[in-house]
Amino acid sequence: MDAGEIAGLIAAGAFLMLVFVLAVPILRLRRTVDAATQAINDLNDRTGPLLAEVTGTVQNVNVVLGQSQVTLDGLNVQLAKVDTMTEHAQNVTANVANLATVVSAAAANPLVKVASFGYGLRKAAAARRHAEDEREVRATLKRRRKSARAN
């Protein structure tokens, strides 16, 4: 054996040792990869039914939203009717207010005339009483003066 063959044997032995040293981490890495694969498979098995349930829930939510839209449409129709009724009530209220104004004006005009006539009558009666009192006072003063002159 010459030096080249011995060096080849040493290199082969070193390579063999390197292979054994690297085989242990590679086998452990294989176990880790198998565990990760198993976890992914379990996750896939559990995710399928979960996604089916989520799909069902989303479909139910869509149905409820559709029903809510129908309800809101019906509510909008009813609100439009209420708006119409409110508008009619406003018109009736305005007409009643106008009618009340006309009636009060029609009733107030004769009442004002009657009140004015009554006031004028009272004033005239008071003036007449005052005039009679004044005439009596003048007549009394005149008689006193005449009787004073006669004495």
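Cut-offs applied
Residues numbered from 1 in each chain as written. Predicted model: local features only at pLDDT ≥ 70, side-chain atom pairs only at ≥ 80, totals over all residues. Heavy atoms only, no water. Helix = DSSP H or I, 4+ residues; strand = E, 2+ residues; numbered from the N terminus. Rg over C-alpha atoms; globule rule 2.2 N^0.38 Å. Buried < 20%, exposed > 50% of the residue type's maximum accessible area, 1.4 Å probe, protein only. Areas by Shrake-Rupley, 256 points an atom, 1.4 Å probe, with all protein chains shown as cover. Lys, Arg positive; Asp, Glu negative; His and termini not counted. Charge placed at Lys NZ, Arg CZ, Asp CG, Glu CD. Patch = residues over 30% accessible without salt bridge, like charges linked within 9 Å, V, L, I, M, F, W, Y side chains within 5 Å. Salt bridge = Lys/Arg side-chain N within 4 Å of Asp/Glu carboxyl O.

1. Re the overall build of the protein
Then, in step 1: Secondary structure assignment for the protein yields 1 helix and 0 strands.
Then, in step 2: A globule of 151 residues ought to have a C-alpha radius of gyration of about 15 Å, yet the protein, at 61 Å, is considerably larger.
Then, in step 3: The principal-axis extents of the C-alpha atoms in the protein amount to approximately 200 × 45 × 20 Å.
Then, in step 4: Taking all 151 residues of the protein together, the buried fraction comes to 0%.
Then, in step 5: Just so you have it, the protein exposes about 13400 Å², and 66% of that area is on carbon and sulfur atoms.
Then, in step 6: Counting 18 positive and 13 negative side-chain charges, the protein places the centres of these two groups 49 Å from one another.

2. Quick word on a positive patch on the surface
Then, in step 1: A contiguous patch of positive charge, built from Lys142, Arg145, Lys146 and Arg149, is present on the exposed surface.
Then, in step 2: Following the sequence through the fold, Lys146 ends up in helix α1 (residues 3–150).
Then, in step 3: Classification of Lys146 as exposed rests on a relative accessible area of 56%.

3. Structural notes on the pattern of salt bridges
Then, in step 1: Evaluation of the coordinates by the stated rule reveals 2 salt bridges.
Then, in step 2: Salt-bridge contacts for Asp34 lead to Arg30; the nearest nitrogen and oxygen are separated by 4.0 Å. Remark: Arg30 and Asp34 occur in helix α1; sequence separation between them is 4 residues, near one turn of the helix.
Then, in step 3: Of the charged contacts, one joins Arg138 and Glu134 as a salt bridge, the two residues approaching to 2.9 Å between their closest N and O atoms. Of the two residues, Arg138 and Glu134 both sit in helix α1, 4 residues apart, roughly one turn of that helix.
Then, in step 4: The exposure class assigned to Glu134 is partly exposed, which follows from its relative accessible area of 34%.

4. A look at a nonpolar patch on the surface
Then, in step 1: Together, Phe15, Leu18, Val19, Leu22 and Ile26 make up a nonpolar patch on the protein surface, roughly 490 Å² of accessible area in all.
Then, in step 2: Along the polypeptide, Leu18 turns up in helix α1.

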